[in-house]
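Fold and contact review
So you can see what is in the structure, the chains are spelled out below.
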Amino acid sequence: MSPTRHASWQQLRALADTWRKKHLRQVFEHDPGRAASMTAAASGIHLDYSKNSLDSEVLALLIELARDCDLAGQREAMFSGQRYNLTEGRAVLHTALRQQVDTPVKLDGEDVIPGVREVRARCYDFAERVRSGAWRGHTGQTITDVVNIGIGGSDLGPLMVCEALSPLADGPRVHFVSNVDGTHLSQTLRRLDASRTLFVVASKTFTTIETLSNARSARAWLVEALGSETAVARHFVAVSTNREKVTAFGIDAENMFGFWDWVGGRYSLWSAIGLPIMLSLGGARFDELLAGAAEMDEHFRAAPAERNLPVLLGLIGIWYVNFQGYGSHLLAPYNNTLRRLPAWLQQLDMESNGKSVHRDGSATDHATGPIVWGEPGINGQHAYFQLLHQGSQIVPVDFILALAQRGQIDSHLPTLVANCLAQSAAMMRGKTADEVRAELTARGMAAADVETAIPHRVFPGNRPSNTLLIDNLSPHRLGALLALYEHKVFVQAAVWNINAFDQWGVELGKQLASDIENRLKGADGKPYDASTEALIALAAAGIGRH
Ligand code: F6P
């Protein structure tokens, strides 16, 4: 059933207009106490959600909506291993990958936890052998460089974590190749010595064309450099759920680390897909990452909605998407090592909640997942923040800032922190015509010039944001932060009654790409529209010329 049928939805709709007319600056003037009351914390993450266009009345109704939509029941269905991903008939158990206790998690009567731990122990053992130099390449050299070949969930998660925790890295250098544009691979390999390079071919399905093309070219490069096919065994490992395809590719099952169909690609960094993280940081740090995520899982499962971070972020997002009509959401991490966080969240959120049918297949009559985007906040300030402050669209922002991290230059920290806090304050309060007038007059500008300048220098304000302050960007806190966003996406899907765990929308493009590739190679095929036909002809001629 659609969430719009609940009375709570209708009541929220009735409140939406009132809130469109309120300005956050006045809201704060009337109730400064909201700064203290509209905060929540878990796992070293402090959330200030007071700069949002809502109050306790709206929040209570949003929580009622979540209750009406049986968020709690759906959450238990996921955690307990029910086949919650109904269009693929699969359970959704990425939380089991990081569970710290021995409580069995049963799928079809069988506990999945022992299998999880066994694969993880194999991964740790392998990572340790590479890191210690016990694992040698074909010519007896130790491994200095690891190249992860994967795309989507088999790339973004490990890439983002390796970058976020790079100040702690003490293993081989890690590189990530995802794009089938050959320059991605060739530019990466240019700097590497084949005898000291290990390739991790990461693909849940092991059918992804981009990954297989890159893996084939990498293998050809290695075999040519080392002069022997047998070198592959010491330089290629695979992470996949598809043993048959891995062995068909020529990677020994001994060198394969498995996972399961109940781990969605975009939720897979906690599985063997995290192998590059283990290679770069070691098993102990990966354990910390898992422990942080597990702590957030427990918080999500047990904390009351009013203090539950994923529930709060999810419901605030619903208020904006469905009741205020804001279709985009910006992630602004201020720590540079979090620079790939928005790309990871983009897949997590948009591949999960970019849906237009309910779980029963009926069309949605409400908006669903927003457009998620972002860059490090400080860089954004010098690029697109202009639009956030004075543009015609309102974009809710999550400001994310860790106050400590190895590698920090302490003298830079106040500047970084001040910028982050200044942006959320500026977006909330804005600047009135009177303030601009007073400021320009005090600077000695002539009265007539002041009046001309005012419209350009007024900031409307009333632009909402969350601020997430993290005490220390450790593996534990990062794990908690990532699990927080995973569950935020879950909360929204549960309320919207959509399936967050399939991704049929990526299939049509894949089918057509394969067909068009055949056409480019000269095969006959059924004609496309006039535009695509003309582009195929132009591209075929262009490829032929080079
Ligand atoms: O095309 C989308 C997708 O299926 C993602 O969901 C997935 O993370 C990515 O492709 C890579 O898939 P695989 O790990 O099977 O290569």
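Parameters at a glance
Residues numbered from 1 in each chain as written. Predicted model: local features only at pLDDT ≥ 70, side-chain atom pairs only at ≥ 80, totals over all residues. Heavy atoms only, no water. Domains from an automatic or database assignment. Pairing = 2+ DSSP bridges. Helix = DSSP H or I, 4+ residues; strand = E, 2+ residues; numbered from the N terminus. Axes fitted to C-alpha atoms, helices over the stretch in contact; angles between N-to-C directions. Contact = heavy atoms within 4.5 Å. Near = heavy atom within 4 Å. Polar contact = N/O pair within 3.5 Å; in protein donor to acceptor, adjacent residues only side chain to side chain. Areas by Shrake-Rupley, 256 points an atom, 1.4 Å probe, with all protein chains shown as cover. Nonpolar A, V, L, I, M, F, W, Y, C, P; charged D, E, K, R; others polar. Parallel < 35°, antiparallel > 145°, perpendicular 65-115°, else oblique. Left-handed = near helix turned anticlockwise from the far one by under 90°. Buried < 20%, exposed > 50% of the residue type's maximum accessible area, 1.4 Å probe, protein only. Phe/Tyr/Trp six-rings, centres within 6.5 Å; stacked < 30°, edge-to-face > 60°. Lys NZ or Arg CZ within 6 Å of the ring centre and 35° of its normal. Salt bridge = Lys/Arg side-chain N within 4 Å of Asp/Glu carboxyl O.

For the rest of this paragraph, the subject is the domain arrangement of the protein. Domain boundaries in the protein define domain 1 (8–83 + 288–429 + 463–502), domain 2 (113–259) and domain 3 (507–544). Relative placement of domain 2 and domain 3: their C-alpha centres are 32 Å apart.

In this section: the sheet that holds strand β2 (residues 45–48). Paired through their backbone hydrogen bonds, the strands of a sheet run either parallel or antiparallel. Spatially, six strands are ordered β1-β2-β13-β12-β10-β11 in an open sheet, and the strand pairing comes out mixed. Each having just a single partner strand, β1 (39–42) and β11 (371–374) make up the two edges of the open sheet. Recorded for the sheet is a direction-independent mean angle of 20 degrees between the axes of neighbouring strands. Examined bridge by bridge, β2 and strand β13 (residues 465–470) share four bridges and lie antiparallel to one another. Note that in β13 the partner of His46 across the bridge is Leu469. In the packing of helix α15 (residues 341–353) onto the sheet, contacts are made with β10 (328–333), β11 and β12 (397–402), and the angle to β11 comes to roughly 175 degrees.

Around the ligand sit 14 residues, and of these Ser154, Ser203, Lys204, Thr205 and Thr208 come closest. Between an oxygen atom of the ligand and a main-chain N or O atom of Lys204, the distance comes to 2.7 Å. In the environment of the ligand, an oxygen atom lies 3.3 Å from a nitrogen or oxygen atom belonging to the side chain of Lys510. Surface burial for the ligand is 87%, taken as the share of its 390 Å² of free accessible area covered by protein chains. A class-by-class count of the residues in the shell around the ligand yields two nonpolar, nine polar and three charged.

For the rest of this paragraph, the subject is the packing of helix α19 (residues 433–442) against helix α20 (residues 447–457). When two helices pack together, their arrangement is given by the angle between their axes and by how far apart the axes lie. Axis separation between α19 and α20 bottoms out at 9 Å; the angle between their running directions is 130 degrees. One finds that α19 runs oblique with respect to α20. Relative to α20, α19 is oriented so that their crossing is right-handed. Across from Ala433, Val436, Arg437, Leu440 and Thr441 in α19, the residues of α20 making contact are Val450, Glu451, Ala453, Ile454 and Arg457.

One open sheet holds the five strands; their spatial order is β6-β5-β7-β8-β9, and the pairing between them is parallel. The strands lining the two open edges of the sheet, one partner per strand, are β6 (173–177) and β9 (256–258). Sheet twist, expressed as the mean angle between neighbouring strand axes with direction ignored, is 20 degrees. With five bridges joining them, strand β5 (residues 145–149) and strand β7 (residues 197–202) adopt parallel strand pairing. By the bridge assignment for β7, Val147 is matched with Phe199.

Here we take up the environment of Glu88. Residue placement: Glu88 occurs in the loop between α5 (71–79) and β3 (106–107). For Glu88, a relative accessible area of 22% gives the class partly exposed. Spatially, the C-alpha atoms of Glu88 and Asn499 are 10.0 Å apart, while their sequence positions differ by 411 residues. With sequence-adjacent residues up to four places away left out, Glu88 is seen in contact with Phe501, Asp502, Gln503 and Trp504.

By the alternation rule, side chains of β1 split into Ala40 and Ala42, which are all buried, and Thr39 and Ala41, of which none is buried. Two strands pair when backbone bridges link them, and β1 and β2 are joined in this way by four bridges, in the antiparallel orientation. Bridge pairing links Ala41 to His46 in β2. Counting the residues that bridge the hairpin from β1 to β2 gives two residues, and of these Ser43 lies at a positive phi of roughly 50 degrees.

According to the stated counting rule, one finds 19 aromatic pairs in the structure shown. Here Tyr124 and Phe286 contribute two aromatic rings whose centre-to-centre distance is 6.2 Å and whose plane-to-plane angle is 85 degrees, an arrangement assigned as edge-to-face. Here the residue Tyr124 occupies a position in helix α6 (residues 113–132), and Phe286 occupies one in helix α13 (residues 283–302), the gap between them amounting to 162 residues. Taking relative accessible area as the criterion, Tyr124 reaches 18% and is therefore assigned buried. Judged by centre distance (5.4 Å) and plane angle (45 degrees), the ring pair of Phe126 and Phe257 falls under tilted. Separated by 131 residues along the polypeptide, Phe126 in helix α6 and Phe257 in strand β9 bring together distant segments of the chain. On the basis of relative accessibility, which here comes to 2%, the residue Phe126 falls in the buried class. The structure contains a cluster of three or more aromatic residues connected by ring pairs, namely Phe79, Tyr84, Tyr267, Phe300, Phe490 and Phe501. Above the ring of Phe28, the side-chain terminus of Arg34 is found at 5.2 Å from the ring centroid. Over the ring of Trp270 we find Arg98; its NZ or CZ atom is 4.6 Å from the centre of that ring.

Another point: the pattern of salt bridges. Scanning the entire structure with this criterion turns up 25 salt bridges. Between Arg443 and Glu439 there is a salt bridge whose closest N-O contact spans 2.9 Å. Here Arg519 ties to Glu533 by a salt bridge, and the two come within 2.8 Å at their closest N and O atoms. Here Arg519, found in helix α22 (residues 507–520), pairs with Glu533, found in helix α23 (residues 530–545); they are 14 residues apart in sequence, far enough to count as distant. Connected through salt bridges with shared partners, the residues Arg25, Arg429 and Glu435 form a single ionic network.

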